[in-house]
Amino acid sequence: MAEEAKLNFRAIETANLPDIALPGDYNYIAAFLTLDCNLGCSYCINRFGTLASPGRMLSGAEWITGLNRLAGTPDLPITLQGGEPTLHPDFAAIISGLRSDRHIDILTNLETDLDRFTAEIDPARVKRDAPYASIRVSYHPESMRIEQLAAKVLRLLDSGYSVGIWGVMHPFWKEEIERARDYCIESGIDFRLKDFLGHHEGAMHGVLSYADACDRLTASEVSCRTTELIIGPDGGLYRCHADLYEGREPVGTILDPAFSLTRDFRPCSNYGFCNPCDVKLKTNRFQEFGHTSVEIIRNG
Ligand code: SF4
Ligand code: SF4
């Protein structure tokens, strides 16, 4: 059977799934199309703990069906990310197939074929009224040169895309990140800084709302609830980034006809082995500071 026919067949199988209503206070929808990446940054947050072996990857048709079930909070974009999301073989098809009333953001390292990207992805489809760019490119000085990355971004800007660069303020790379920021600002590119989250020279960096959540010493039992929809490459719906990266059991799948979302607390016995992404103090999608993705209640 031709690949296209297989995709269509899968779409028909799952076409009549009911909507999944998003709670009104959800702040983020993350579709991790793949955890594979064409770079190997030493400080990659996906590898803060143990990165589980990749499981099955949803096809493009399955992603489209699953993501198009999400209902409510129309201003909340679906963020296609990874790993490097452009490595998904159906990356462009997923963007074309998502409901036109759903905003789309992309997190990428832009290590991709730009001719193909600009030919296949409509700039208007990845653009919205927001205080930051819809395509957020990460700059990693370990394996990139800012001059080359800026040239790619300028090309996308000239083609009408909403795009900016984010640099992680890793203590080792501080001077280079500041140089890159100045270079981009002079070039007319929106460059933003992201806190480094992780361990460097024995110290944990990043402001955590739950100080011992990432100690990785003792696991304890808590109740936890999130404001983020974390969807793994296999369509699994995870309580948090730590569960996804470490291969813990998902709470459901995006293709499960019976799945519904609630804001109920869920039991967790992995507190202490959280990922900084979930427990750090950060801005919400309106760029208001003071937000933390999860709320945790300690038992006893
Ligand atoms: S580009 Fe991003 S996802 Fe890829 S290795 Fe670097 S930090 Fe990790
Ligand atoms: S307590 Fe930590 S590991 Fe457990 S669900 Fe919450 S964020 Fe994830």
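Being a predicted model, the structure only gives us computed values, none of them experimental. (Residues numbered from 1 in each chain as written. Chains lettered and ligands numbered in written order. Predicted model: local features only at pLDDT ≥ 70, side-chain atom pairs only at ≥ 80, totals over all residues. Heavy atoms only, no water.)

Undergrad: Any details on the site of ligand 1? Residues and values, ideally.
TA: Taken together, Cys 37, Leu 39, Gly 40, Cys 41, Cys 44, Gly 83, Asn 109 and His 140 are the residues near ligand 1. Looking at the shell around ligand 1 residue by residue, the class counts come to 4 nonpolar, 4 polar and no charged. (Near = heavy atom within 4 Å. Nonpolar A, V, L, I, M, F, W, Y, C, P; charged D, E, K, R; others polar.)

Undergrad: Could you give an account of the pattern of salt bridges, with specific residues and numbers?
TA: Pairing is possible between side chains of opposite charge, provided their charged atoms come close. One pass over the structure, following the stated rule, counts 20 salt bridges. The salt bridge involving Asp 212 is made with Arg 298; its shortest N-O contact spans 3.0 Å. You can see Asp 212 sitting in the loop between β10 (203-205) and β11 (220-226) and its partner Arg 298 sitting in strand β18 (residues 294-298), a full 86 residues away along the chain. A residue is classified by how much of its surface remains accessible, and Arg 298, at 45% relative accessible area, is partly exposed. When salt bridges that share partners are traced, they join Arg 216, Arg 239, Asp 243, Glu 246 and Arg 248 into one network. (Salt bridge = Lys/Arg side-chain N within 4 Å of Asp/Glu carboxyl O. Helix = DSSP H or I, 4+ residues; strand = E, 2+ residues; numbered from the N terminus. Buried < 20%, exposed > 50% of the residue type's maximum accessible area, 1.4 Å probe, protein only.)

Undergrad: Before we move on, could you go through the side chain of Asp 90 and cite the residues and values that matter?
TA: Residue position: Asp 90 is located in the loop between β4 (78-81) and α3 (91-97). The class for Asp 90 is buried, based on a relative accessible area of 17%. A polar contact is formed between the side chain of Asp 90 and the backbone nitrogen of Gly 60, at a distance of 2.8 Å. (Polar contact = N/O pair within 3.5 Å; in protein donor to acceptor, adjacent residues only side chain to side chain.)

Undergrad: Describe helix α6 (residues 174-187), with residues and values.
TA: Compared with the 20 Å implied by 1.5 Å per residue over 14 residues, the 20 Å span of α6 between its first and last C-alpha is a close match. Looking at α6, one finds that the buried residues are Glu 176, Ile 177, Ala 180 and Cys 184. In an axial view of α6, the angular spread of the buried residues amounts to 100 degrees, which keeps them on one side of the axis. Within α6, the exposed residues directed more than 90 degrees away from the buried face are Glu 175, Ile 185 and Glu 186. For α6, the elements touching its buried residues are β6 (135-139), α5 (146-158), β7 (163-169) and β8 (191-195). Two residues or fewer past α6, Gly 188 is found with a positive phi of approximately 85 degrees. (Expected span 1.5 Å × (residues − 1). Arc of directions from axis to C-beta. Contact = heavy atoms within 4.5 Å.)

Undergrad: Quick rundown of the site of ligand 2? Include the residues and the values.
TA: Inspection of the region around ligand 2 gives Val 222, Cys 224, Arg 239, Cys 240, Arg 248, Cys 268, Cys 274 and Ile 296 as its neighbouring residues. Along the lines of polarity and charge, the residues of the shell around ligand 2 split into 6 nonpolar, no polar and 2 charged.

Undergrad: Can you lay out the pairing of β11 for me, pointing to particular residues and giving the numbers?
TA: For β11 and strand β15 (residues 266-271), the ladder comprises 4 bridges, and the chain directions are antiparallel. Each residue of the ladder has a partner; that of Ser 223, found in β15, is Pro 267. Summarising the sheet, β11 and β18 pair through 5 bridges and their orientation is antiparallel. Within the sheet, the bridge partner assigned to Thr 226 lies in β18 and is Val 294. (Pairing = 2+ DSSP bridges.)

Undergrad: Please give an account of unusual backbone geometry that cites residues and values.
TA: You will see that Thr 73, though not glycine, has its phi angle at about 40 degrees, which is positive. Structurally, Thr 73 can be placed in the loop between β3 (70-71) and β4. Under the relative-accessibility criterion, Thr 73 is labelled buried at 14%. Look at Leu 110: it is not a glycine, yet its phi comes out positive at around 60 degrees. As for its placement among the helices and strands, Leu 110 is situated in the loop between β5 (104-108) and α4 (114-120). When its relative accessible area of 0% is taken as the criterion, Leu 110 is described as buried.

Undergrad: Lay out the sheet that holds β18 with the relevant residues and their values.
TA: Across the sheet, 3 strands lie side by side as β15-β11-β18; this open sheet has antiparallel pairing. Across the chains shown, the open sheet's two edge strands, defined by having one partner strand only, are β15 and β18. Here the average twist between neighbouring strands, direction ignored, is 45 degrees. (Axes fitted to C-alpha atoms, helices over the stretch in contact; angles between N-to-C directions.)

Undergrad: Run through the side chain of Gln 81, naming residues and quoting values.
TA: Here Gln 81 lies in strand β4. Residue Gln 81 is classed as buried on the basis of its relative accessible area of 7%. In this structure the side chain of Gln 81 is engaged in a polar contact, spanning 2.6 Å, whose partner is the side chain of Tyr 28. Setting aside anything within four residues of it in sequence, one finds Gln 81 in contact with Tyr 28, Ala 30, Ala 31, Phe 32, Leu 33, Thr 34 and Leu 107.

Undergrad: Describe in detail the nonpolar core, supporting the description with residues and values.
TA: With 55 residues, the main nonpolar core has Leu 67, Leu 70, Leu 80, Phe 117, Tyr 139, Ile 165 and Leu 229 as its most contacted residues. With 5 residues, the top contributor of residues to this core is α5. Filtering out sequence-adjacent residues up to four positions away, Ile 165 remains in contact with Val 137, Tyr 139, Ile 146, Leu 149, Ala 150, Val 153, Cys 184, Ile 189, Asp 190, Phe 191 and Arg 192. Counting 13 residues, the second-largest nonpolar core is a separate cluster that includes Tyr 210, Cys 268, Tyr 271 and Val 294. (Core = buried A, V, L, I, M, F, W, Y, C linked by side-chain atoms within 4.5 Å.)

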